[in-house]
Amino acid sequence: MNIDEAFWRDRRVLLTGHTGFKGGWLALWLQSMGSRVCGLSCGVPSEPSLYELARVGEGMKEEIVADIRDFQAVEEAVAKASPEIVIHMAAQPLVRRSFADPRETFATNVMGTVNVLEAVRGRPAVRVVVNITSDKCYENRGWEWGYREDEPMGGHDPYSSSKGAAELVTAAYRRSFFAAPEGTRVATARAGNVIGGGDWGQERLVPDIVRAAIDGRTLQIRNPAAVRPWQHVINPLSGYLLLAQALWSSPELAGGWNFGPPDDDARPVSWVVEQLLERWSGRPTWEPDPGPHPHEAQYLKLDSSRARARLGWHPLVSLEAALESIVAWHEALGAGTDMRAVTLTQIEQLVTGSVGAA
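The notes below deal with the structure included here.

Reading guide: rules and limits
- Residues numbered from 1 in each chain as written.
- Predicted model: local features only at pLDDT ≥ 70, side-chain atom pairs only at ≥ 80, totals over all residues.
- Heavy atoms only, no water.
- Helix = DSSP H or I, 4+ residues; strand = E, 2+ residues; numbered from the N terminus.
- Rg over C-alpha atoms; globule rule 2.2 N^0.38 Å.
- Buried < 20%, exposed > 50% of the residue type's maximum accessible area, 1.4 Å probe, protein only.
- Contact = heavy atoms within 4.5 Å.
- Areas by Shrake-Rupley, 256 points an atom, 1.4 Å probe, with all protein chains shown as cover.
- Lys, Arg positive; Asp, Glu negative; His and termini not counted.
- Charge placed at Lys NZ, Arg CZ, Asp CG, Glu CD.
- Pairing = 2+ DSSP bridges.
- Axes fitted to C-alpha atoms, helices over the stretch in contact; angles between N-to-C directions.
- Phe/Tyr/Trp six-rings, centres within 6.5 Å; stacked < 30°, edge-to-face > 60°.
- Lys NZ or Arg CZ within 6 Å of the ring centre and 35° of its normal.
- 1 Å grid on protein atoms, 1.4 Å probe; cavity = no way out; pocket = protein on both sides within 12 Å on 5 of 7 lines; lining within 4 Å.
- Points joined across faces, edges and corners; volume = space filled by probe spheres on them.
- Nonpolar A, V, L, I, M, F, W, Y, C, P; charged D, E, K, R; others polar.
- Expected span 1.5 Å × (residues − 1).
- Polar contact = N/O pair within 3.5 Å; in protein donor to acceptor, adjacent residues only side chain to side chain.
- Right-handed = clockwise from strand over helix to strand, strands pointing away.

Moving on, we come to the overall build of the chain. The helix and strand tally for the chain stands at 13 helices and 13 strands. Its C-alpha atoms give the chain a radius of gyration of 19 Å, near enough to 21 Å, the size a compact globule of 358 residues would have. By its C-alpha atoms, the chain is 55 × 45 × 40 Å across when sized along the principal axes. Per-residue burial over the chain gives 57% buried out of 358 residues. For the chain, the proportion of contacts with a sequence separation of at least 24, taken over those separated by at least 6, is 80%. For the chain, the exposed surface amounts to about 14300 Å²; the carbon and sulfur share of it is 49%. Looking at the chain, you have 36 positive and 44 negative side-chain charges, and the mean spots of the two groups are 5 Å apart.

So this is what it looks like as structure tokens:
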């Protein structure tokens, strides 16, 4: 199965969290296919941001400023947007921040999901909902093989637990209110450790590398031996689009889906640091950060066999190509290039496999 641009042309899409890193990339991709995208967000999460540098707002049909925790605001936004497809990405996405403010994390990630699903309930014009959660939704057992969609939900830290809870909420709504084949089809999508140009999130590996490279300082790395399923943002986004597209005509596909990289792209943090810094002019240095640090799982990997078999999905971008594209994106930014044009060009190149200089 391929992403069908004709399917997405003129499609009414409500995208929550469109001002974030993943949301910005997805909004631009949808815009490039001609979708009528309405965004819902409570603001821009970082300074600088992909949203502002790539002028994501220019191509939006409408932007609604609302807090996902405010049910009335979410309900009004859904009514105003009148979407056919809802892709829910708004979240508190940081593990370490969840330790500092667990209440905000649970309110955003769990009740935010409840609010979106409740706002959709009773609106048959909404045909598809895809709720984006995380690979960290699973009860992590530290084993060496990938987690499958039917593994137990769990999570040691507040962030992971909140994403597992969001999965349970979505499953409850799907069984209780969205079970009719002719009704709204509701699915969840699980991916993690997404990288790409334009990410300035706090306490995330690639943004930390970018800041250290720009500042010319030694980078401190926590948990350098931790293995993560690294992948360019285009990979899971392509899965989300394929899933929504397939659900439109196949209600039996409602459920949870993994979108992870090949096994070879599950690499230690230290490997990614070395590979990215090798590509950076000036080559910053790094050293382990002795901490102390909150608990983080040492090994996380997804089994995406179901998505490959049922959706025909496969990762479009190798880890090496992802690293090259990140450096090219930030070099273009440093050269004063039009970053909307750069990002749209990278989307086209990465999707078609013709990765070149930005």
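And the narrative resumes.
Below, the discussion takes up the sheet that holds strand β6 (residues 185–190). Strand pairing within a sheet occurs via backbone hydrogen bonds; the two strands may be parallel or antiparallel. Taken in spatial order, the seven strands line up as β3-β2-β1-β4-β5-β6-β11 in an open sheet, and their pairing is parallel. The sheet terminates laterally at β3 (62–65) and β11 (256–258), the two strands that pair on one side only. Mean inter-strand twist for the sheet, computed between neighbouring axes without regard to direction, equals 20°. For strand β5 (residues 128–132) and β6, the ladder comprises five bridges, and the chain directions are parallel. When the bridges of β6 are listed, asparagine 131 appears paired with threonine 188. Across the sheet, helix α2 (residues 21–32) touches β1 (12–16), β2 (36–41), β4 (85–88) and β5, and the angle it forms with β1 is around 170°.

As enumerated under the stated definition, the model contains nine aromatic pairs in all. A network of ring pairs unites the aromatic residues Tyr138, Trp143, Trp145 and Tyr147 as a single cluster. The residue whose ring lies beneath arginine 121 is phenylalanine 177, and the NZ or CZ to ring-centre distance is 4.2 Å. The ring of tryptophan 257 has arginine 306 sitting right over it, with the charged end atom 3.7 Å from the ring centre.

What follows covers empty space enclosed by the protein. A complete count under the given rule lists two cavities of 30 Å³ or more for this structure. In this structure, the largest cavity is lined by Arg12, Val13, Arg36, Cys38, Lys61, Glu62, Ala81 and Pro83. Elements that contribute at least two residues to the lining of the largest cavity include exactly β1 and β2. In the lining of the largest cavity, the residues fall into four nonpolar, no polar and four charged. Roughly 30 Å³ of internal volume is contained in the second largest cavity. Forming the walls of the second largest cavity are His88, Ala90, Asn109, Thr113, Asn131, Ile132, Thr133, Lys163 and Ala166. Those elements that provide at least two residues to the lining of the second largest cavity are α6 (102–120), β5 and α7 (158–177). Grouping the amino acids of the lining of the second largest cavity by side-chain chemistry returns three nonpolar, five polar and one charged.

In this model, α7 (20 residues) spans 27 Å end to end at C-alpha, consistent with the 28 Å of a helix rising 1.5 Å per residue. At the N-terminal boundary of α7, the capping side chain belongs to aspartate 157, with an oxygen 3.1 Å from the backbone nitrogen of tyrosine 159.

All right, on to the pairing of β1 then. In terms of burial, β1 is largely enclosed, as four of its five residues are buried. Where β1 meets β2, five bridges bridge the pair, whose relative direction is parallel. Bridge pairing in β2 links arginine 12 to arginine 36. What joins β1 to β2 is α2, and the crossover it makes is right-handed. Of the pairings in the sheet, the one linking β1 to β4 comprises four bridges and is parallel in character. Bridged to leucine 14 within β4 is valine 86.

Looking now at the layout of surface pockets. One simple way to see leftover space: roll a probe sized like a water molecule over the atoms. Here the second largest pocket defines a volume of roughly 320 Å³. If you trace the second largest pocket, you find 17 residues lining it, with Asn2, Ile3, Trp29, Leu316 and Val351 closest to the centre. Mapped by element, the contributors of at least two residues to the lining of the second largest pocket are α2, α9 (234–249) and α13 (339–352). Looking at the lining of the second largest pocket, the element that brings in the most residues is α13, giving four residues. Its residues assigned to classes, the lining of the second largest pocket comprises ten nonpolar, five polar and two charged.

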